[in-house]
Each structure stands twice: as C-alpha cells, then as structure tokens.
Amino acid sequence: LYVSGGFNEQLAETLLDHRSEDIRTWVVRLLGDEKTISPVLHSRLLSLATTDHSPVVRSQLACTAKRLPGPEALPIVRELLKHDADLQDPPIPLLLWWAVEDKAATDRELVLDLLAEPENWQQPLVRKMIIERLAQRYAAAGSDADFECCARLLALAPGEAETAMLITGMEKGLQGRKRDAVPAAL
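Residues numbered from 1 in each chain as written. Predicted model: local features only at pLDDT ≥ 70, side-chain atom pairs only at ≥ 80, totals over all residues. Heavy atoms only, no water.

A look at the packing of helix H5 (residues 70-80) against helix H6 (residues 92-103)
Okay, so step 1: At a closest axis distance of 10 Å, the pairing of H5 and H6 adopts a crossing angle of 145 degrees. As for how H5 packs across H6, the hand of that crossing is left-handed. Every residue of H6 that contacts H5 at Gly 70, Ala 73, Leu 74, Val 77 and Leu 80 is listed here: Leu 96, Ala 99, Val 100 and Lys 103.
Okay, so step 2: Split by residue class, the contact of H5 with H6 holds seven nonpolar, one polar and one charged. (Axes fitted to C-alpha atoms, helices over the stretch in contact; angles between N-to-C directions. Helix = DSSP H or I, 4+ residues; strand = E, 2+ residues; numbered from the N terminus. Left-handed = near helix turned anticlockwise from the far one by under 90°. Contact = heavy atoms within 4.5 Å. Nonpolar A, V, L, I, M, F, W, Y, C, P; charged D, E, K, R; others polar.)

Quick look at the structure:
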C-alpha cells in the first residue's frame, strides 16, 4: 500500500488502532518517513506514546520522534519517558536519548521544557538517560548558548542529587579541554 500510493492519512489513522503491534509499528515507521505529520496524526501518535502497551510500538515511536521536527517530536518523547517499564528495555532508553540529543541544539527551549517541572526529574528514564547526558552534551559543545543551557538546567534542578548529576555530566563534557575562564552563564 505504501509503495503503490495507497497509504494515506485516513488509512494511517485507522491502522493506528489495529490489534497487531506490528501493523501499528509499521504505520508509525511509515509516518516518520515523511519527516512531518499533520496535527491529527500528531495527536494520534501522542496518544499512542501515552497508552500503547507494546514496547515494540514505543520503540518505533522513539525512532520516529527523532525524525520529526522538535515541536512534533518532543511531546511524544515526553510521554514515552513516563513509561518506567521501558527502563530495562535494551534499545528504548537509548532511542529516547537519541531523539532528545538530536533536538538539543535546534530546539533548546523545547528540550529544556522536558525538565521544566520538578516531577519530571524524578522519572526513572529521565534520571537514567537524560539529565547527565544532556549536561554533558551542552558542556561538550561549548558555545555560549550551550553554557547558558547548562546554567538553566542547574537553575531548574529540584535538589542536590539532580544538581550533582548535572555537574557530573558537565565535567564529562569538559574532560580534556582547557578553559581560561568560567563561561559567563555559569
């Protein structure tokens, strides 16, 4: 259907409710091929990210989120990060980081919004895969805008443990690099 032109938005909407996780997974995959989705399909993918019980579907949602623009991708990632059951899944945590990291420079505000609420810092997937890596990524990039993101993350951190995670990430990002002065933002 996809190759012959029979795959369209209406069919995709219908198939996202299919009982087979493989069908739902392929629909999510094919929607990602377009690298943008309609508001209706975005709403449907957001709903899947919230409610789908299949780790196979959630894995594909994470892959597709990386391929979508930040405003479409990061709300999906936000919902996927709430699935504590995926903490021990081999690919899903890294796929979620991959999606966040891809948007770290292009959609800084939206990425930082993932940690705007103190309760988001307590989600196991966020603690394991996002906090330290995000600080490391920004510190390693090293521009003024990146250090501003580090400073904002430090300001958002709800406690000492989270601050320590950020500092560990920043230290890793700065390893092997010489800085003559502390960045103004820090």
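Picking up where we left off.
A word on the nonpolar core
Okay, so step 1: The biggest cluster of nonpolar side chains holds 54 residues, and the ones touching the most others in it are Leu 31, Leu 45, Leu 61, Leu 134 and Tyr 138.
Okay, so step 2: The dominant element in this core, judged by the number of residues it contributes, is helix H8 (residues 124-141), at nine residues.
Okay, so step 3: Discounting chain neighbours no more than four positions away, the residues touching Leu 45 are Leu 16, Val 28, Leu 31, Ile 37, Leu 61 and Ile 76. (Core = buried A, V, L, I, M, F, W, Y, C linked by side-chain atoms within 4.5 Å. Buried < 20%, exposed > 50% of the residue type's maximum accessible area, 1.4 Å probe, protein only.)

Let's talk about the pattern of salt bridges
Okay, so step 1: Tallied over the full model, the rule gives 15 salt bridges.
Okay, so step 2: Note that Asp 33 is salt-bridged to Arg 67, the shortest N-O span being 2.9 Å. Taken as a pair, Asp 33 in helix H2 (residues 21-33) and Arg 67 in helix H4 (residues 55-67) lie far apart in primary sequence, 34 residues in all.
Okay, so step 3: Lys 66 is paired through a salt bridge with Asp 102; the nearest N and O atoms lie 3.5 Å apart. Pair noted here: Lys 66 is in helix H4 and Asp 102 is in helix H6, with a separation of 36 residues, a long-range link.
Okay, so step 4: Residue classification places Asp 102 among the partly exposed residues on the basis of a relative accessible area of 29%. (Salt bridge = Lys/Arg side-chain N within 4 Å of Asp/Glu carboxyl O.)

Observations concerning the side chain of Glu 162
Okay, so step 1: Following the sequence through the fold, Glu 162 ends up in helix H10 (residues 160-174).
Okay, so step 2: Taking relative accessible area as the criterion, Glu 162 reaches 6% and is therefore assigned buried.
Okay, so step 3: Of the polar contacts made by the side chain of Glu 162, one reaches the side chain of Arg 127; its length is 2.8 Å.
Okay, so step 4: Those residues in contact with Glu 162 that sit more than four places away from it in its chain are Trp 121, Gln 122, Arg 127, Ile 131 and Ala 157. (Polar contact = N/O pair within 3.5 Å; in protein donor to acceptor, adjacent residues only side chain to side chain.)

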